[in-house]
Amino acid sequence: YKKDLDDSGIKFPEVKGPHKILYQLDNELDTLYDHTIKTLRYELTYYRYQAIKFLIPEKKKKYKNAELASLQLKHIMKTLLVKRLDSSFFAFKASLERFEQATANMVKMFDNNSIFIAPNVDVNKYIEEDREEELLQLLINLQDTDPTIEICTATDFEEGFLEGLKRDLNILQSLVSE
C-alpha cells in the first residue's frame with residue numbers, strides 16, 4: 001500500500017493540532033461581545049424552544065420526556081448561538097434574527113389564540129406569510145398521520161409561558177438592534 005502511494009506520488013500533509021487564535025476587538029465591540037455572551041447564557045430563557053414543557057399536563061402527556069426534550073433543545077439552541085457568535089458575526093446575526101422571528105411568530109400565535117406545535121411542518125413560514133388559515137387546514141389534514149402535531153389555545157399552556165416568550169422577544173429585539 002505504501003509502495004503504491006509512493007509510486008503514485010501521493011503524499012499526505014503533516015497535520016498539526018489546533019491552535020488558539022485570539023481576535024483583537026475594539027472596546028465597543030469587546031463590550032458588546034461580552035454583553036451578548038452574558039445575555040445568551042444567563043438572561044434568555046429560550047422559551048420558544050420549550051413549548052411542550054409548558055403545556056398543561058393533559059396536553060403534555062402525548063409527548064414522551066417533554067421536560068427532557070425541551071431542556072435539551074434549549075441547550076442546543078444556546079450552544080448553537082454561542083458557537084455562531086464565535087465563528088462569524090454575520091452568521092450569528094442571521095441566526096439571532098431567525099430566533100427573534102420565530103419567537104415573534106409564537107407570540108402572534110398566542111395573540112390569535114391558535115398555537116401550532118408541528119415539528120415536521122415549517123409553521124414559521126406560514127405565519128410570516130399570513131397564511132394561518134392554510135396552515136390550520138394543513139395541520140388538521142396531517143393530524144391523523146403525524147402524532148407530533150398539536151393545535152392548542154393559550155389556555156393549554158401553563159401560566160407564565162407567554163410572559164416568558166415576550167420577555168425573550170424583548171431581549172432578542174434588543175440584541176438584534178445592538
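Use the structure listed above.
Since this is a predicted model, take the numbers as computed values, not measurements. (Residues numbered from 1 in each chain as written. Predicted model: local features only at pLDDT ≥ 70, side-chain atom pairs only at ≥ 80, totals over all residues. Heavy atoms only, no water.)

Please set out a negative patch on the surface residue by residue, giving values where relevant.
Together, Asp26, Glu28, Asp30 and Asp34 give the surface a local cluster of negative charge. Tracing the chain through its elements places Asp34 in helix 2 (residues 27-43). Judged by relative accessible area, Asp34 falls into the partly exposed class, the value being 45%. (Patch = residues over 30% accessible without salt bridge, like charges linked within 9 Å, V, L, I, M, F, W, Y side chains within 5 Å. Areas by Shrake-Rupley, 256 points an atom, 1.4 Å probe, with all protein chains shown as cover. Salt bridge = Lys/Arg side-chain N within 4 Å of Asp/Glu carboxyl O. Lys, Arg positive; Asp, Glu negative; His and termini not counted. Charge placed at Lys NZ, Arg CZ, Asp CG, Glu CD. Helix = DSSP H or I, 4+ residues; strand = E, 2+ residues; numbered from the N terminus. Buried < 20%, exposed > 50% of the residue type's maximum accessible area, 1.4 Å probe, protein only.)

Describe the packing of aromatic side chains, listing the residues and the values that go with them.
Enumeration over the complete set of coordinates arrives at eight aromatic pairs. Between Tyr47 and Phe161, the ring centres sit 5.6 Å apart and the planes meet at 10°, which makes this aromatic pair stacked. Placement of Tyr47 in the loop between helix 2 and helix 3 (57-60) and of Phe161 in helix 8 (residues 161-177) is noted, with a sequence separation of 114 residues between them. With respect to burial, Tyr47 and Phe161 carry one shared label: buried. Here the aromatic rings of Phe110 and Phe161 are separated by 5.8 Å at their centres, their planes lie at 50°, and the arrangement is tilted. Here Phe110, found in helix 5 (residues 89-111), pairs with Phe161, found in helix 8; they are 51 residues apart in sequence, far enough to count as distant. We classify Phe110 as buried; its relative accessible area is 8%. Residue class for Phe161 comes out buried when judged on its relative accessible area of 0%. Joined through ring pairs, the aromatic side chains of Tyr47, Phe54, Phe110, Phe157 and Phe161 make up one cluster. Over the ring of Tyr49 we find Arg48; its NZ or CZ atom is 5.8 Å from the centre of that ring. (Phe/Tyr/Trp six-rings, centres within 6.5 Å; stacked < 30°, edge-to-face > 60°. Lys NZ or Arg CZ within 6 Å of the ring centre and 35° of its normal.)

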